Amino acid sequence: DKSEKHRGIASYWNSEYTGTSINGLSVLQGGTERPVAYSYDGHVPSFLSTTGEYAAFPSFIVSSDYYREYGMMKSRVFPVRISGGWTSDTTVRFKIPGGWEIAVLPPGEKRVHSRFLAKFEYAMKGNAEIEVRSIIVFRDSSVDPTEYGEFRDFLLFIHRKENERIIIRSMKDVGSKADR
């Protein structure tokens, strides 16, 4: 039921960011033969942190927690078991409010290993929209202790990229400060 799904999504976002509202929920892809895909707009008032003429927000609304789940130990005696053979492809679009401009957009980066991959992309879509995308691939369901150091570095890379900030600047004060 669509209204039940809407309530569940709204509840989830409100547990992360108080005051969130969800609109325009649509099912892009359903069924049991392929992954389910949804699209919706969210208004998240507690997402932005401001300091003077600048404001910052995380480039990914929710982090994956892969590092917390699989990479906290410095070394391993036994293999790490994960649900392998899957890909996470996440795209988030941010609408920049009128009167603001992009000050800092994180650089795109990727890490490639024969058994795992992570790619992060950041793009401007016109003057008022930013699109961020992560593709994370786990090709196997087990990581041997001999590869754990590389795997842990890979998870730290994901953690770092998911927590980078996009910084915007108010254009209202830019001209007046230059005139002083």
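Here, every reference points to the structure presented above.
A short tour of the structure in this document, coming up. (Residues numbered from 1 in each chain as written. Predicted model: local features only at pLDDT ≥ 70, side-chain atom pairs only at ≥ 80, totals over all residues. Heavy atoms only, no water.)

**Examining the overall build of the protein chain**
Looking only at helices and strands, the protein chain features four helices and twelve strands. Each principal axis of the C-alpha distribution contributes one length, and for the protein chain these read about 60 × 45 × 25 Å. Across the 180 residues that make up the protein chain, the buried fraction comes to 31%. As presented, the protein chain carries roughly 11,100 Å² of accessible surface, and 50% of it is formed by carbon and sulfur atoms. (Helix = DSSP H or I, 4+ residues; strand = E, 2+ residues; numbered from the N terminus. Buried < 20%, exposed > 50% of the residue type's maximum accessible area, 1.4 Å probe, protein only. Areas by Shrake-Rupley, 256 points an atom, 1.4 Å probe, with all protein chains shown as cover.)

**Description of the nonpolar core**
Within the largest apolar cluster, 34 residues are counted, with the highest numbers of intra-cluster contacts made by Phe138, Phe151 and Phe154. Leave out the neighbours within four places in its chain, and Phe151 touches Tyr70, Val80, Ile82, Phe116, Phe138 and Val143. (Core = buried A, V, L, I, M, F, W, Y, C linked by side-chain atoms within 4.5 Å. Contact = heavy atoms within 4.5 Å.)

**Some points on the side chain of Thr20**
Assignment of secondary structure puts Thr20 in the loop between helix 1 (2-16) and strand 1 (21-29). Separated by 2.7 Å, the side chain of Thr20 and the backbone oxygen of Tyr17 make a polar contact. (Polar contact = N/O pair within 3.5 Å; in protein donor to acceptor, adjacent residues only side chain to side chain.)

**Points about the pattern of salt bridges**
Within the structure shown, the criterion is met by 13 salt bridges. Arg160 is paired through a salt bridge with Glu164; the nearest N and O atoms lie 3.3 Å apart. The exposure class assigned to Glu164 is buried, which follows from its relative accessible area of 18%. Its salt-bridge partner being Lys161, residue Glu164 comes within 2.7 Å of it at the nearest N-O pair. Of the residues examined, Lys161 reaches a relative accessible area of 0% and is grouped as buried. One continuous salt-bridge network, built from bridges that share partners, spans Asp89, Lys119, Glu121 and Arg133. (Salt bridge = Lys/Arg side-chain N within 4 Å of Asp/Glu carboxyl O.)

**Remarks on a nonpolar patch on the surface**
Judged by side-chain polarity, Val27, Val36 and Tyr38 come together as a nonpolar surface patch covering roughly 260 Å² of accessible area. Within the secondary structure, Tyr38 sits in strand 2 (residues 37-43). (Patch = residues over 30% accessible without salt bridge, like charges linked within 9 Å, V, L, I, M, F, W, Y side chains within 5 Å.)

**Re the sheet that holds strand 7 (residues 100-104)**
What the four strands build is an open sheet, ordered 3-4-12-7; its pairing is antiparallel. Two strands bound the open sheet, and with one partner strand each, they are strand 3 (49-51) and strand 7. Pairwise comparison of adjacent strand axes, ignoring direction, gives a mean angle of 30° for this sheet. (Pairing = 2+ DSSP bridges. Axes fitted to C-alpha atoms, helices over the stretch in contact; angles between N-to-C directions.)

**Observations concerning the sheet that holds strand 9 (residues 116-124)**
With antiparallel pairing, the four strands of this open sheet are ordered in space as 6-10-9-8. In the strand order of this sheet, the two ends are held by strand 6 (86-95) and strand 8 (109-112), each with one partner. For this sheet the average axis-to-axis angle between neighbouring strands, irrespective of direction, equals 10°. In terms of strand pairing, strand 8 meets strand 9 through four bridges, oriented antiparallel. Residue pairing across strands places Lys110 opposite Lys119, the latter belonging to strand 9. In the packing of helix 3 (residues 148-162) onto the sheet, the strands contacted are strand 8, strand 9 and strand 10 (129-138), and the crossing angle to strand 9 comes to about 20°.

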